[in-house]
Amino acid sequence: MIEFQNVKKRYESKKQTVEALKGIDLIVEKGDIFGVVGYSGAGKSTLIRLVNLLERPSEGEILVNGKALTSLKPKDLRAEKKKIGMIFQHFNLLNSKTVFDNVAMPLILSGTPVKEIQTRVNELLEFVGLLGKAKNYPEQLSGGQKQRIGIARALATNPSILLCDEATSALDPQTTSAVLQLLKKVNQEYNITILLITHEMSVIREICNKVAVMEGGRIVEQGPVFDVFAKPQTEIAQNFVRTVIHDEIPKSFKSQAAGNPIIWKINFIGANSGKPLLSTVAKQFDVDLNVLSANISEIQETPFGNLIIEVTGEESEIKKAYDYIQAENILVQEVRIHE
Ligand SMILES: Nc1ncnc2c1ncn2[C@@H]1O[C@H](COP(=O)(O)OP(=O)(O)O)[C@@H](O)[C@H]1O
Ligand SMILES: [Mg+2]
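Residues numbered from 1 in each chain as written. Chains lettered and ligands numbered in written order. Predicted model: local features only at pLDDT ≥ 70, side-chain atom pairs only at ≥ 80, totals over all residues. Heavy atoms only, no water.

On to empty space enclosed by the protein, then. Under the definition given, this model contains one cavity of 30 Å³ or more. Put simply, the largest cavity is a space of about 60 Å³. Looking at the largest cavity, the residues that line it are C164, E166, A167, T168, S169, L180, L183, L196, I197, T198 and V203. If you list the elements that add at least two residues to the lining of the largest cavity, you get α6 (173-189) and β8 (193-198). Broken down by element, the lining of the largest cavity gets its largest block of residues, three residues, from β8. When the residues that make up the lining of the largest cavity are grouped by side-chain class, the tally is seven nonpolar, three polar and one charged. (1 Å grid on protein atoms, 1.4 Å probe; cavity = no way out; pocket = protein on both sides within 12 Å on 5 of 7 lines; lining within 4 Å. Points joined across faces, edges and corners; volume = space filled by probe spheres on them. Helix = DSSP H or I, 4+ residues; strand = E, 2+ residues; numbered from the N terminus. Nonpolar A, V, L, I, M, F, W, Y, C, P; charged D, E, K, R; others polar.)

See below:
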């Protein structure tokens, strides 16, 4: 659906050259809500703006629906770009136009008959829950409402892809959540593939199925959201995951622990609760389990639990218990108290 093939982007000026992207390989598949997370300056906006050619790559190729946009003729490019909608952090609405006209704008520009515009805009305003605001001006709307209008406008030409550049970064947490749920509805009901960028891991957790972590113009880690949350490989991914999932060994335990205790981090996904597992393990094997921390959060509306436990017992029993948990298809990792 969207494929980056070793894409590089340099911004060149007389004074300096900034290498914003240093070789990006990325595949967004149809139906994905693909999230790219990274700190400011990582190259996220550059990456997303390449998809609809708001920026051009310096090297490499970006395929959208199998076509390399840079090699299309202007007419074909216009047709392809209509299939890509975009929303922005600061909404980019026209303040001198009504809500209706803002949403209608892409349709007016593409020469859609007036009657059709009327029907389509009303349908879109209803979809985003703002039919009653058609005659209002953007200034009369809250941030969340403005972004809903941004979404309605982006959907006007029936795109198959929606790009979101920090779409909720200007919103408070509650409004963020509501807008994210609307994006999920866009993905599910209109079957639109979403590529979003954000500096907030909570956004990824809430709606994405896949994630890529960016740092210094590179993707340093990517995969299904569950995998990256359960087992982040790079330090930066670990830091991002830690902002939403608190599974640290408690400080008080660390400071009191003598020697080198055996500590396991166990992750549960879905209804699979931790309790029966621990009691089964304690009964079947001659080990003692001491729960140091237990948390359940949600990823994509699915419970995601993590436990930190201290295990004591004979080495052979501990190994058996470990193998048993692994055989249950539950993610268990040994963690060290001193890194
Ligand atoms: N139009 C531009 N001209 C020059 N440098 C730019 C331009 N846009 C972005 N950059 C630089 O490219 C790097 C990546 O920026 P950006 O893609 O905006 O990152 P992010 O969205 O992750 O904050 C930064 O160093 C930024 O200063
Ligand atoms: Mg940005």
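Turning our attention to the pairing of strand β13 (residues 302-313). With eight bridges joining them, strand β11 (residues 262-269) and β13 adopt antiparallel strand pairing. Looking at the pairing, I262 lines up with V311 of β13. Bridge count between strand β12 (residues 287-299) and β13: 12 bridges; the pairing is antiparallel. When the sheet's bridge partners are listed, V291 is paired in β13 with I309. (Pairing = 2+ DSSP bridges.)

Sheet architecture is open: four strands sit in the order β12-β13-β11-β14, paired in antiparallel fashion. The sheet terminates laterally at β12 and β14 (331-335), the two strands that pair on one side only. For this sheet the average axis-to-axis angle between neighbouring strands, irrespective of direction, equals 20°. Lying on the sheet, helix α12 (residues 315-327) is in contact with β11, β12, β13 and β14; it crosses β11 at an angle near 15°. (Axes fitted to C-alpha atoms, helices over the stretch in contact; angles between N-to-C directions. Contact = heavy atoms within 4.5 Å.)

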